[in-house]
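# Summary of the model geometry
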Amino acid sequence: MDTVSWFRHIKVGALGLIVSLVAIYFIVVQINVERFTNALFTADYRFLLPCMLFLVLGLVTRAIRGRVLLSNQLPYHRAFSIMNVAYLVNGILPMRIGEVARIFLTTRVENPIPAMQTASTIIVERLLDLLAVVVMMMLALTVAPVPQELRYAGAFGAAMAIGGFIVLIVIARQRQFAERVVAWLTVKIPILERVKLSSFVSDFLNGLMPILDLNALSRAVLWTAISWILSTIAGYILMFAFFPQGDWVATMLYIAAAAFAIAVPAVPGNIGTYEASILLALVALGYEQSDVAIAFAIAVHAVNVLVHASTGVIGFMREGISLSQLASGV
């Protein structure tokens, strides 16, 4: 690793550490150790199993969506295992490196999928997820007060998702124009031809084709909706482990808050920011026992990590690749 790259990694790591430490401090100052430990030890952990079941079902439907956006070029079992490896890597490394791992793994299948084609479908997936999170937040907003920070995040997320889709659709519809521009650039800047820019752009545009196909896009939207519904059910079930009853509004809001927290640079696993976002959402809805809310937030994070770690390890084995081989490929 060269000096510039090493320094960049240090800066990103330092920023993530600072953000996580601030979030952890925000949590710690509100903890009453006795009430916090009591909440952990008296929780009804029987609800963990059905919660994890719905989380796994959510992974199944997300893999189906990914396969739809790749025009069914990837066998389902490979789509599922590759996605789980990516989620595991995202959980242990910052800056969404798991997406790069996913791109690399799709180039290793029997009929390799070009890296840029997978990259463009991942962008479409993230925009669909962002829209789903914004919808959940707006639903919560209609029946309950939502923290001002989450209002701003929701508005910004909606603008980003809608704007992103418009840009991608325009690019996909103007494919010939985009390819002519790239051809002109490669003539003017010879180095672009050596790095095969035209091939990269063509593969990227191939990955955008499903959003111009109403049938494929409708199926992708449907599977996105089903995936987030399953995640919401899982989150709702887990509330019964710590609270007298579940709350659909609280569930949608804390899941949306956690989704936005994942986008914030932090230490691997988003330790601190993840829990703080859930705490903020629950306290805003009137959950006055912050110690119980913190215990619940830690449980939510732990369950998600456990599910992604388990399915990710299985994914590694099914893909027949080690972590060192993956790191080298990425």
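Counting starts from 1 at the beginning of each chain's written sequence and moves along it residue by residue. Only residues with pLDDT of at least 70 are given local features in this predicted model, and only at 80 or more are side-chain atom pairs given and counted; all residues enter the totals for whole chains, interfaces and linings. Only heavy atoms go into the side-chain values, all of them from the structure, while hydrogens and water stay out.

## Details of the pattern of salt bridges
We count a salt bridge whenever a side-chain nitrogen from Lys or Arg sits within 4 Å of a carboxyl oxygen from Asp or Glu. For the coordinates displayed, the defined rule picks out 11 salt bridges. The closest approach of N and O atoms between Arg78 and Glu110, which form a salt bridge, is 3.2 Å. Residue Arg78 is located in helix H4 (residues 76-92), and its partner Glu110 is located in the loop between helix H5 (97-106) and helix H6 (115-143); the two are separated by 32 residues in the primary sequence. Per-residue accessibility, obtained with a 1.4 Å probe over protein chains only, is compared with the maximum for each type, and a residue is labelled buried under 20%, exposed over 50%, and partly exposed between these values. Given a relative accessible area of 9%, Arg78 falls into the buried group. Secondary structure elements are taken from DSSP: a helix is a run of H or I of four residues or more, a strand is a run of E of two residues or more, and numbering for both begins at the N terminus.

## Structural notes on the packing of helix H12 (residues 248-262) against helix H13 (residues 273-284)
For the pair H12 and H13, interaxial distance at closest approach is 8 Å and the crossing angle is 145°. The interaxial crossing formed by H12 with H13 has right-handed handedness. Here Ala250, Leu253, Tyr254, Ala257, Ala258, Ala261 and Ile262 of H12 come into contact with H13, specifically with Thr273, Tyr274, Ser277, Ile278, Ala281 and Leu282. Residues were grouped as follows: Ala, Val, Leu, Ile, Met, Phe, Trp, Tyr, Cys and Pro as nonpolar; Asp, Glu, Lys and Arg as charged; and all remaining residues, including Gly, as polar. By residue class, the composition of the contact of H12 with H13 is 11 nonpolar, 2 polar and no charged. The angle between two axes is taken between their N-to-C directions and runs from 0 to 180 degrees, where each axis is a line fitted to C-alpha atoms and a helix contributes only its stretch in contact. The sense of a crossing depends on the near helix, which, turned anticlockwise from the far helix by less than a right angle, makes the crossing left-handed and, turned clockwise, makes it right-handed. Any two residues whose heavy atoms approach within 4.5 Å are treated as being in contact.

## Topic: unusual backbone geometry
Across residues other than glycine, the phi torsion is negative in most instances, and most of the peptide bonds are trans. One non-glycine residue with positive phi stands out, namely Ser71, at about 55°. At Asn72, a position not held by glycine, the phi torsion is positive, near 60°. Within the secondary structure, Asn72 sits in the loop between helix H3 (48-69) and H4.

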